[in-house]
Each structure stands twice: as structure tokens, then as C-alpha cells.
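# Structural characterization, general
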Amino acid sequence: MNLVKSAALLMVTAMATSSFAADLYVSKSGKNKNAGTKDAPLKAIWKAISLAQPGDVIHVAEGNYNGEMNKGWILLDKPVSLIGGYSNDFAERDVVAHKTMFQPTNEMNSTKGQGILHLKYDGESSNVVIDGFIFDQAEANSYHPVNGQPEGVSTGMWLEPPSKGNTTNPSLNNYSLYGENSDGTITIRNCVFTNAGNIALNMNHRSGKINLHNNVFVANRIQAANVNCKSAQAGCEVDFANNTVLFTWTRTKTFEDMGYGVRANSNCVTKIHNNILALNMMSGFDNTKGDSKTKKVYLDNNAFILNKKGDVSVTVSPSILWLHVADEAFEDLEDQPSMESVNGNVSISDPAVFKGKINMPYLEGFLNATYTEQVSYNENSPANQFRAAMGLNKQGSISSKVSMFMNKYPLDDALNLFGVMAGYGAQVPAE
């Protein structure tokens, strides 16, 4: 067979594959021996993935899905789409009313993967959609029983492994959605990411486009969303639009580093627009990482308020500059390397848009969050007198206290954050 005929055969095969993409259905009331139809759905997402072919669509009804043998994570190892938010009988779809969740428990942490949903597949021309899922790590985390618990907040502070409170295992401390060497176009929309012990959404994309549209990110650690491009030659495009990003915490309870809403990275054209980027511990948008010569950033029409160090963080060699939208120098951002456009960004003028939507005790605790250290040294203490007699160095002690750190944010309150502000942030998902 000559090359022309081979190429033609491959094209026909590809067209046939895409033309006959199948729909599979999953419901907690189903059985894994079923055919995977609406009337006879499968019971598990992992089973549907194992049966699916590239290009298929898996429709998932409400419930909590925790992987094979309840191991707490699911591997998406082929380019298929997942659509959640259906009622048990698939008669209607409502992402908020019919909660379709990845919500592992603390007991599952001993078998944790790198992400609750882990994408790892080949498919340069693939088009994958993840739509209508709730990623919540709260039940997998370990929180202190009393320390760092403001009045009205449901838990104490999050405990970094290996520490643990009254739980069997330490906190999960991994990604909610992790992409490893994925390709093609991936669209993640109408999802909720909350209480993640590590970056909530962390994609390592080889080439193609990542669309992050109409998602809610709340009370996650380190970063809400991060997309790395592994191909300097092909590059990646990131469209981060109409997302609501609140309460991103720093890496540690000392509030020293990280704590960003979204970040632009090398080898990417990153378009960040029409988002609410608010109440993050460091900044709503960070542009301090990577090579400015290999990335382009469009930061337009976003709404910011009360990001603790700055709405935006940029590198002005050799330092990091923190800017708020209201600062006189904010308009100069467009002259900085890699910044292609900085237009229409606003500071939310009426915080009342959050009234009735945001958890008020959590908000108050976050605004007042502090970390303090106290040094105590008494050279004549009995312990130091004993050390001196034994030829040992005298010692003091350091005690630390944090008023709040990555405490659990209630899931129902996170779902209320759809539709906070017309034109900005995540809107109420259409059925």
C-alpha cells in the first residue's frame, strides 16, 4: 500500500471513529455488568472509562464516586469526556441540585494517587470535556481539634502531613484534578474545587489548549489553578474565563509564600478574563514564574477585591511587585514583559454582592488571619541550670500561634458562589 492510500485510510478511520462516538451512562443505582445505557447504567466511572473508546462521552448521575475498590482516585487514561450533574434517572441535569462528586474520605488516603481525577493519555487531536463535577477534599483532610478555629468556623486549622488531628491518616495533600502529559483540547467547566490540600487544578499539558470556564475555586492551598506547558516548540493556550476564585491559602501556616489564584507560566498564551479573583492570601493573579520571553498574558475585564498582598504580583527585577487595581501604577503593567493586554479590570465597588453567598464566619476569620511567634528564654531556669552543669548550651523556646489556616469551607456554601456577580466569575450553570 502506497503512502497516499495509507494516509487516506488513516483519515477515513479517524472520521469513522469520531462519527460513532458512544454515550455511556453511570449511576450509583446501576451495576457494572450493565450495558451502560440510560435504562441500564453502569455503577462506577472507572468501569465506564475501561469500556469507553477515545471520543466517547460518559454521563454521570448524582452521587460520590471514589474509584475502583474505593481507593479515592480515578485515572482517565484515554481521551473521553465526563459530564456530571444528572438526576438518578437522567431525566434532568442541574449541577448544583444533583451533586456529582469526587469526595474521598480520610480512610482512603493510604492509597492516594497524584490527583483525585488523574488525566494521562495520548491524543493530540482529542477534545475532552470535564463538566459539572464537585472536587472536595474536606473529608480527606485532617484538621486540628481546636487550634486556629475562629468562632463559627466548622473546623480548626488544616494540618500539614505528617501531623494529624483525630483522623486515621494525615491530610490528603494532593491535587484535585491533575493532568500528566495530556494533549489536545481540554475543557473544564461548571465544576467546583474546594478544600484541596495542594494546587486544586494542576495541568502538565504537552501541547494544545486548556479551557477553564465557569468554575468555582474556594479554600484551596498554594494555587487554585496552574497550567504548565511541556512543549516549548508547540506551546499551549490557556483560556481562564468566568471563574470565581476565593480564599486561596499559602503553602504553610506562616503565610510566607504561594497563595495565588491563578498563575501564567512559560510557553503559554494565557488569557485571563471575566473572573472574580478575590480574598486570596497573596494575589489573585501571579506572573512571577517562568521566562517572560516565552509567554504572553492577556489580563482583561477581571474583578478583584481584598487580595491580601496585591491583586497582581509581577517580577520587577530583582524584586516582586504587588499591585492593586486601584494603584496608580497598575496601568503600567501593560508595559511589563509578557503582558500583552491589561484592560477593563475593576475593583469590586460593592462588597455586598457576596452577601448571602459567602460564609460569613469564614470571611471574618480570613480577614483577621494572623501568625505570631513568641520567644522565651530564661538562662536561670532549672532546665538551663541543669544544662550548664552538664556542659550543655542553654536553650530558649519558641511558641507559635495561628488564628486560622485553610480550615474547611462548607460545600453547600461553595455551591452558593455561582452567580455572585453578573458578567464576572462563575455564573449559574445552564441545564
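Below or above, wherever it landed, is the structure these notes cover.

The rules we used
- Residues numbered from 1 in each chain as written.
- Predicted model: local features only at pLDDT ≥ 70, side-chain atom pairs only at ≥ 80, totals over all residues.
- Heavy atoms only, no water.
- Helix = DSSP H or I, 4+ residues; strand = E, 2+ residues; numbered from the N terminus.
- Buried < 20%, exposed > 50% of the residue type's maximum accessible area, 1.4 Å probe, protein only.
- Contact = heavy atoms within 4.5 Å.
- Areas by Shrake-Rupley, 256 points an atom, 1.4 Å probe, with all protein chains shown as cover.
- Arc of directions from axis to C-beta.
- Polar contact = N/O pair within 3.5 Å; in protein donor to acceptor, adjacent residues only side chain to side chain.
- Phe/Tyr/Trp six-rings, centres within 6.5 Å; stacked < 30°, edge-to-face > 60°.
- Lys NZ or Arg CZ within 6 Å of the ring centre and 35° of its normal.
- Core = buried A, V, L, I, M, F, W, Y, C linked by side-chain atoms within 4.5 Å.
- Pairing = 2+ DSSP bridges.
- Salt bridge = Lys/Arg side-chain N within 4 Å of Asp/Glu carboxyl O.
- Disulfide = S-S within 2.5 Å.

### Considering the overall build of the chain
Along its length, the chain carries five helices and 28 strands. Every one of the 431 residues in the chain was classed for burial, and the buried ones make up 53%. A separation threshold of at least 6 residues defines the contact pool for the chain, and within that pool the share at least 24 residues apart is 74%. Working note: accessible area of the chain is about 19100 Å², and carbon and sulfur atoms make up 50% of it.

### Side note on unusual backbone geometry
The omega torsion of the bond from P161 to P162 falls at 10°, within 30 degrees of zero and hence cis. Relative to the helices and strands, P162 resides in the loop between β9 (134-136) and β10 (175-189). One non-glycine residue, M69, lies in positive phi territory at about 55°. In the Ramachandran plot, N190 falls in the positive-phi region, its phi being about 55° despite a non-glycine side chain. Here N190 shows up in the loop between β10 and β11 (192-194).

### Side note on helix α3 (residues 360-367)
Those residues of α3 that fall on the buried side of the exposure criterion are Y362, L363, G365 and F366. Along the long axis of α3, the arc covered by the buried residues comes to 165°, so they all point the same way. For α3, the capping residue at the N-terminal end is N359, with a side-chain oxygen 2.9 Å from the backbone nitrogen of Y362.

### Here's the deal with the side chain of H98
Within the secondary structure, H98 sits in the loop between β5 (81-86) and β6 (100-102). Among the polar contacts made by the side chain of H98, one reaches the side chain of E62 at a distance of 3.1 Å. Once you skip the residues sitting within four places of it in the chain, H98 turns out to touch E62, G85, Y86, S87 and E92.

### Topic: the packing of aromatic side chains
For the coordinates displayed, the defined rule picks out 18 aromatic pairs. The aromatic ring of Y86 is capped on one face by R93, whose charged end is 5.7 Å from the ring centroid. Of note, K308 hangs over the ring of F366, and the distance from its end group to the ring centre comes to 4.9 Å.

### Examining the nonpolar core
Most often, soluble globular proteins keep nonpolar side chains buried together rather than apart. Residues I45, I58, L117, I130, L177 and I188 are the most contacted members of the largest nonpolar core, which totals 68 residues. Y143, V218, A369 and A426 belong to the second largest nonpolar core, which has 43 residues in total.

### As for the pairing of strand β1 (residues 23-26)
It is a general feature of regular strands that their side chains alternate between the two faces of the sheet. Examined bridge by bridge, β1 and strand β2 (residues 57-61) share four bridges and lie parallel to one another. Within the sheet, the bridge partner assigned to L24 lies in β2 and is I58.

### Details of the sheet that holds β6
Spatial ordering of the open sheet is given by β3-β6-β9-β11-β13-β16-β19-β22-β26, a layout of nine strands whose pairing is parallel. In the strand order of this sheet, the two ends are held by β3 (63-64) and β26 (346-347), each with one partner. Two elements, β6 and β9, share two bridges in a ladder whose sense is parallel. Following the sheet pairing, M101 is matched in β9 by I134.

### A look at the pattern of salt bridges
Applying the stated criterion across every chain, the model contains eleven salt bridges. Here D131 ties to R93 by a salt bridge, and the two come within 2.8 Å at their closest N and O atoms. Remark: R93 occurs in the loop between β5 and β6 and D131 occurs in strand β8 (residues 127-131); sequence separation between them is 38 residues. Here D131 falls in the buried class, since its relative accessible area comes to 4%.

### Focus on the state of the cysteines
Following the criterion strictly, the structure yields one disulfide and no others. The residue that forms a disulfide with C229 is C236, at a sulfur-sulfur distance of 2.3 Å. On the S-S bond that ties C229 to C236, the torsion sits near 70°, and the link is right-handed. Note on C236: relative accessible area 5%, which makes it buried. For C268, which is in no disulfide, the shortest distance to another cysteine sulfur is to C229 and amounts to 4.9 Å. You can call C268 buried: its relative accessible area is 1%.

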